[in-house]
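The primary structure of each chain is shown beneath.
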Amino acid sequence: MKRLIAALLLTATPALAFDISAMSEAEKAAFGDAVRDYLMANPEVLVESINVLEERRAASEAESDVALVASNRDAIFNDGHSWIGGNPDGDVTMVEFIDYRCGYCRKFNEQVHDLVEGDGNIRLILKEFPILGPDSETSARFAVAVKQIGGDGAYVQAHDALMAMRGAPSPEALKAIAAEIGVDGDEVLNSMNTESVSAVLRENRQLAERMAIMGTPTFVIGDTLLRGMPADGLEPAVAAARAGNG
C-alpha cells in the first residue's frame, strides 16, 4: 500500500496535487516512509526524473543563449576590430573567443583551422579574451598590436605562433615572432599598452560579460552559443546554422 501511495503521488497531475502542510505529523512520517520505500524499490524513477530535469535545464539555457546572441549581434559579428578569416563572404559565421594560454584553445586550434579550410564557406572571427593571468593579457595585447600595425596577414601568423608558444611571452620571445612575420618588434611592443589596443580587449571583455562567457574556447556559430568544444565537434553546429536551425 505504501508503494502504491508513493507511486500515485510521484506521478500525480496538478489536478491530483495535495497540500502536505495539511497532514498531521503521523501522516507526514507515513508519507515520507512510503516515498522512500518506493524510490528504494524503483531507483530508475530518480534517474528518469534527473534526465527530465537536465533536458529542461539544457533547453532553458539554449533558449537563453539564443536571446543573448540576438541582443549582441552587432558586437559579435561586426565589431569593426576583430580579425576576419576563412571566407569573408561565407554563408555561416563562426566566432571564437580565445585565450592564447588556454590549453583547450591550443588543442583545438588546428581542428578549427582544418574545418574552416576544408569547408570553404565559413567566415571566421577571432576575439581575444585573456582570462588566465598576465601572460594571457600580454599575448592578447601582442596579437592585437600586430594586427593594428601589420594587418591581417601578420596577425594570423602571430596568432599561430602564440598558439604554438610553450614558454612565457617575454619581450625577447615576442620580438622574435615579430621578426619572423616581418613587423617591427619594438613598434609592436611599444603599442601593446596603448588605448587603441586596450579598447579592443575592453570591448571583448564587456561583450563576454554580457553573454555570461566565463571560459575559452567559446564559439558562436549562427545563432548558437557553444560554451566549449562539443564532444562531436563543430561540424553539426555549422550544418545546423547552414540549414537555418542554429
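You'll find the structure just up there.
Keep in mind that this is a model prediction, so the values were computed, not measured.

1. Comments concerning the nonpolar core
Now for step 1: Met-94, Val-112, Phe-142, Leu-162, Phe-219, Ile-221 and Leu-234 are the most contacted members of the largest nonpolar core, which has 44 residues in total.
Now for step 2: Of all the elements in the fold, those that place two or more residues in this core are β2 (92-98), α5 (103-119), β3 (122-128), α6 (134-164), α7 (171-181), α9 (195-210), β4 (218-221) and α10 (235-242).
Now for step 3: The greatest single-element share of this core, amounting to 11 residues, is contributed by α6.
Now for step 4: Beyond its immediate sequence surroundings of up to four residues, Met-94 is in contact with Val-112, Leu-115, Val-116, Ile-122, Arg-123, Leu-124, Ile-125, Phe-219, Val-220, Ile-221 and Leu-234.
Now for step 5: Counting 13 residues, the second-largest nonpolar core is a separate cluster that includes Val-69, Phe-77, Leu-207 and Leu-225.

2. Some details on the packing of aromatic side chains
Now for step 1: Scanning the entire structure with this criterion turns up three aromatic pairs.
Now for step 2: Both rings, one in Tyr-104 and one in Phe-108, keep their centres 6.4 Å apart while their planes meet at 15°; by these two values the pair is stacked. Note that Tyr-104 and Phe-108 are positioned in helix α5 at a spacing of four residues, about one turn of the helix.

3. As for the sheet that holds strand β5 (residues 224-226)
Now for step 1: Strand order in the open sheet made by the five strands is β1-β3-β2-β4-β5, with mixed pairing throughout. Every other strand in the sheet has two partners, leaving β1 (83-86) and β5 as the edge strands with one partner each. Sheet twist, expressed as the mean angle between neighbouring strand axes with direction ignored, is 20°.
Now for step 2: In terms of strand pairing, β2 meets β4 through four bridges, oriented antiparallel. Opposite Val-95, over in β4, you have Val-220 as the bridge partner.

Scoring rules and cut-offs
- Residues numbered from 1 in each chain as written.
- Predicted model: local features only at pLDDT ≥ 70, side-chain atom pairs only at ≥ 80, totals over all residues.
- Heavy atoms only, no water.
- Core = buried A, V, L, I, M, F, W, Y, C linked by side-chain atoms within 4.5 Å.
- Buried < 20%, exposed > 50% of the residue type's maximum accessible area, 1.4 Å probe, protein only.
- Helix = DSSP H or I, 4+ residues; strand = E, 2+ residues; numbered from the N terminus.
- Contact = heavy atoms within 4.5 Å.
- Phe/Tyr/Trp six-rings, centres within 6.5 Å; stacked < 30°, edge-to-face > 60°.
- Pairing = 2+ DSSP bridges.
- Axes fitted to C-alpha atoms, helices over the stretch in contact; angles between N-to-C directions.

This is a description of form; function is not addressed.
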